[in-house]
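Architecture at a glance
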Amino acid sequence: GDSVTQKEGLVTLTEGLPVMLNCTYQTIYSNAFLFWYVHYLNESPRLLLKSSTDNKRTEHQGFHATLHKSSSSFHLQKSSAQLSDSALYYCALSRSSNTNKVVFGTGTRLQVLP
Amino acid sequence: NSKVIQTPRYLVKGQGQKAKMRCIPEKGHPVVFWYQQNKNNEFKFLINFQNQEVLQQIDMTEKRFSAECPSNSPCSLEIQSSEAGDSALYLCASSFRASSYEQYFGPGTRLTVL
């Protein structure tokens, strides 16, 4: 079945450094959509990014990600981390069909230190 | 910003007791998901509905939980006999479609089973 892998459980870095959170996925179907959700403490999880077409970069709030079907990846990046970026980040996979299912990765906690 | 409403925000039950939580999806969203976010912050899919019909559910939900999304009433998720391992944050999300569209999450119900 479909699966999403987020290798890092915790990423700790200093403010101002670049961020990269890894996300790889497995599906036998070509019509996959990938999402990044962010969950701040005491708030509702919310969508950060949704994938576009293959090899096209999508951006929102300083974060960006590119869907690479050749490597089944959708890594989340930001050029310069801010303290307010500290949160849980989830990568999720969905398919454009009536499969009725969204598969979430295990999440990566990003901790940005001053 | 998400307008998914979940009540109560906190729920404390003894083992063996019933635990019921409710969700009002965003207006116009026919699809509702329930997830359990465990102590490792992993999102575990429990069940989803389209309008009043169950689309998919996991085995645990089928056996120990009862869930419904009646028309013109909040959706609900009820654990018939709470166990210590059920202590978690229960998140409700709604969407226009079951797949390929973003999900809008509520703030969750934090269940503690003593």
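As a reminder, the structure under discussion sits directly above these lines.
Please read these numbers as outputs of a predicted model, since none were measured by experiment. (Residues numbered from 1 in each chain as written. Chains lettered and ligands numbered in written order. Predicted model: local features only at pLDDT ≥ 70, side-chain atom pairs only at ≥ 80, totals over all residues. Heavy atoms only, no water.)

Some points on the state of the cysteines
Here is the rule we go by: Sulfur atoms of two cysteines make up a disulfide when they are within 2.5 Å. Numbering goes from the N terminus for both helices and strands, where a helix is a DSSP run of H or I of at least four residues and a strand is a run of E of at least two. Whether a residue is buried, partly exposed or exposed follows from its accessible area with a 1.4 Å probe, protein chains only, as a fraction of its type maximum: under 20%, in between, or over 50%, in that order.
All told, the structure shown has three disulfides over all chains when counted by the stated rule. Shown here is the disulfide that connects Cys23(A) with Cys91(A), its sulfur atoms set 1.9 Å apart. In this structure, the disulfide formed by Cys23(A) and Cys91(A) twists by about -65 degrees around the S-S bond and is classed as left-handed. Separated by 68 residues along the polypeptide, Cys23(A) in the loop between strand S3 (19-21) and strand S4 (24-26) and Cys91(A) in strand S10 (residues 87-95) bring together distant segments of the chain. Taken as a pair, Cys23(A) and Cys91(A) share a single burial class, namely buried. A sulfur-sulfur separation of 1.9 Å characterises the disulfide bridge that pairs Cys23(B) with Cys92(B). Between Cys23(B) and Cys92(B), the S-S torsion sits near -65 degrees, and that sign places the bridge as left-handed. Of this pair, Cys23(B) sits in strand S3 (residues 19-24) while Cys92(B) sits in strand S9 (residues 88-95), placing them 69 residues apart in sequence. The pair Cys23(B) / Cys92(B) is uniform in exposure class, with both members buried. Take the cysteines of chain B that form disulfides and number them in order along the sequence; they join up as 1-4, 2-3.

Focus: the packing of aromatic side chains
What counts, and what does not: Within 6.5 Å between ring centres, the rings of Phe, Tyr and Trp (the latter by its six-membered ring) count as paired, and their orientation is classed by plane angle as stacked under 30 degrees, edge-to-face over 60, tilted in between.
Counted under the stated rule, the structure contains 14 aromatic pairs over all chains. Aromatic side chains Phe63(A) and Tyr89(A) sit 5.8 Å apart centroid to centroid with 45 degrees between the ring planes, which places their arrangement in the tilted category. Of the two residues, Phe63(A) sits in strand S8 (residues 63-66) while Tyr89(A) sits in strand S10, which places them 26 residues apart along the sequence. Measuring from ring centre to ring centre gives 6.5 Å for Tyr90(A) and Phe104(A), while their planes differ by 80 degrees; the resulting arrangement is edge-to-face. With Tyr90(A) in strand S10 and Phe104(A) in strand S11 (residues 102-104), the pair connects residues that are 14 residues apart, well separated along the chain. Grouped by ring-pair contacts, the aromatic residues Phe35(A), Tyr37(A), Tyr90(A), Phe104(A), Phe33(B), Tyr35(B), Phe43(B), Phe45(B) and Phe105(B) constitute a single cluster.

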